[in-house]
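# Topology and contacts: notes
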Amino acid sequence: MKIASWNINSVRFRMEIVEQFLREEAPDILCLQETKVIDGDFPHAPLRALGYDHIIIHGQRMHHGVAIISRVPVTEDDRLDWQANGEARHVGVRLPNGVRLENVYVPAGGDIPDREANPKFGQKLDFVERMTRWSEGLGDLPVILTGDFNIAPLESDVWSHKQLLGVVSHTPIEVEALARLQAANDWVDLGRHFIPAPERCFTWWSYRAKDWAASDRGRRLDHMWASKDVAARATAHRVCEPCRGWLKPSDHVPIVTEFDF
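- Per an unreviewed UniProt entry, the recorded name for the chain is Exodeoxyribonuclease III, and the organism is Sphingomonas koreensis.
- In its Sequence similarities (unreviewed entry) section, the UniProt record describing the chain reads: "Belongs to the DNA repair enzymes AP/ExoA family."

In structure tokens:
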């Protein structure tokens, strides 16, 4: 089974490249974040035309919304409010083999890495803390946790560790929060399992760069984690970097993990 995750930054605006990705990569399941569409306006038809008949959505206007698009049956979807304000940032399903698949869009956290000066930063930290408490209660459940975590934890997950230490997404307090989340369920970071640090591995490049590839000021914000038993079935993981150069690209690119089940 091939599972992909992609912050698409508006699914309707970028449906053409979603279809291109599904045709070329043919994942069994695609988790989308930042869909920016209410449920009633979600574009089902072009996805079903490509064989993705199982579409679980949790939509919202503006900068939120998540979806799971699948060629295989999925059941028991849930929508956890880790933001504690009703924002559509999570949707989860159970796969036919019993594995849980949780798709999350962690808040970006604003520009100032200070809880008092910037409430959005505090909301981000609280979001990760709620995920941590949830992780502690998973026990032996087989789970895949994927999505846009909006945190690049390792020094080699950003183009310049020194220059980004004070920039939201790579600050020590965020990195420490993510480490506590990972420890809460002994999650395996499949990205770095297959692409060991310090090897370059980015999933996001700002729109501000005139030439994103030439400047290559990337960050690894998108992640695929798995509980230990599920991680043992993972056979490959890659970042689909060429997608950043497609027509009307997202600033994120898809990540894809293959599992032997």
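### Structural notes on the pattern of salt bridges
- All chains considered together, the criterion is met by 20 salt bridges.
- Note that Arg-192 and Asp-157 form a salt bridge whose closest N and O atoms lie 2.8 Å from each other. With Arg-192 in helix α6 (residues 190-194) and Asp-157 in the loop between β8 (143-148) and α4 (161-164), the pair connects residues that are 35 residues apart, well separated along the chain. Both residues of the pair, Arg-192 and Asp-157, count as buried.
- Two residues, Asp-157 and Arg-220, come together in a salt bridge whose shortest N-O distance is 2.8 Å. Of the two residues, Asp-157 sits in the loop between β8 and α4 while Arg-220 sits in the loop between β11 (218-219) and β12 (222-226), which places them 63 residues apart along the sequence.
- What makes Asp-157 buried here is its relative accessible area of 0%.
- Taking the relative accessible area as the measure of exposure, Arg-220 reaches 1% and is therefore buried.
- In this structure, a network of salt bridges that share partners links the residues Lys-2, Glu-25, Arg-238 and Glu-258.

### Description of the layout of surface pockets
- In this model, the largest pocket occupies a volume close to 1000 Å³.
- Lining the largest pocket are 32 residues, and of these Ala-108, Gly-109, Gly-110, Asp-111 and Asn-150 lie nearest its centre.
- Looking at the lining of the largest pocket, the element that brings in the most residues is helix α3 (residues 119-136), giving three residues.
- The residue inventory of the lining of the largest pocket, partitioned by class, reads nine nonpolar, twelve polar and eleven charged.
- Only β10 (204-205) and α7 (212-215) provide two or more residues apiece to the lining of the second largest pocket.
- The class makeup of the residues in the lining of the second largest pocket is six nonpolar, two polar and three charged.

### A word on empty space enclosed by the protein
- Inspection of the entire model under this criterion finds one cavity of 30 Å³ or more.
- Taken together, Gly-191, Cys-201, Thr-203, Arg-220, Asp-222, His-223, His-237, Val-239 and Ile-255 make up the lining of the largest cavity.
- Looking at the lining of the largest cavity, the elements that each hand over two or more residues are β12 and β13 (234-239).

### Points about the UniProt feature "site: Interaction with DNA substrate" (unreviewed entry) in the chain
- Per the UniProt record, "site: Interaction with DNA substrate" (unreviewed entry) is annotated on His-252.
- Residue position: His-252 is located in the loop between β13 and β14 (255-259).
- The residues contacting His-252, other than those within four sequence positions of it, are Trp-6, Asn-7, Asp-148, Thr-203, Trp-204, Leu-221 and Asp-222.

### A few points about the sheet that holds strand β6 (residues 90-94)
- Judged by pairing direction, the sheet is mixed, and its six strands sit side by side in the order β5-β6-β7-β8-β12-β9 without closing on themselves. Each edge of the sheet is formed by a strand with only one pairing partner; in this case those strands are β5 (75-78) and β9 (188-189).
- One ladder, built from two bridges, connects β5 with β6; its direction is antiparallel. Among the inter-strand pairings, Thr-75 is bridged to a residue of β6, identified as Arg-94.
- Contacting β7 (100-105) and β8, α3 runs over the sheet at an angle of about 170° to β7.

Thresholds, definitions, all that
Residues numbered from 1 in each chain as written. Predicted model: local features only at pLDDT ≥ 70, side-chain atom pairs only at ≥ 80, totals over all residues. Heavy atoms only, no water. UniProt positions renumbered as here; feature names shortened; annotations may be inferred. Salt bridge = Lys/Arg side-chain N within 4 Å of Asp/Glu carboxyl O. Helix = DSSP H or I, 4+ residues; strand = E, 2+ residues; numbered from the N terminus. Buried < 20%, exposed > 50% of the residue type's maximum accessible area, 1.4 Å probe, protein only. 1 Å grid on protein atoms, 1.4 Å probe; cavity = no way out; pocket = protein on both sides within 12 Å on 5 of 7 lines; lining within 4 Å. Points joined across faces, edges and corners; volume = space filled by probe spheres on them. Nonpolar A, V, L, I, M, F, W, Y, C, P; charged D, E, K, R; others polar. Contact = heavy atoms within 4.5 Å. Pairing = 2+ DSSP bridges. Axes fitted to C-alpha atoms, helices over the stretch in contact; angles between N-to-C directions.

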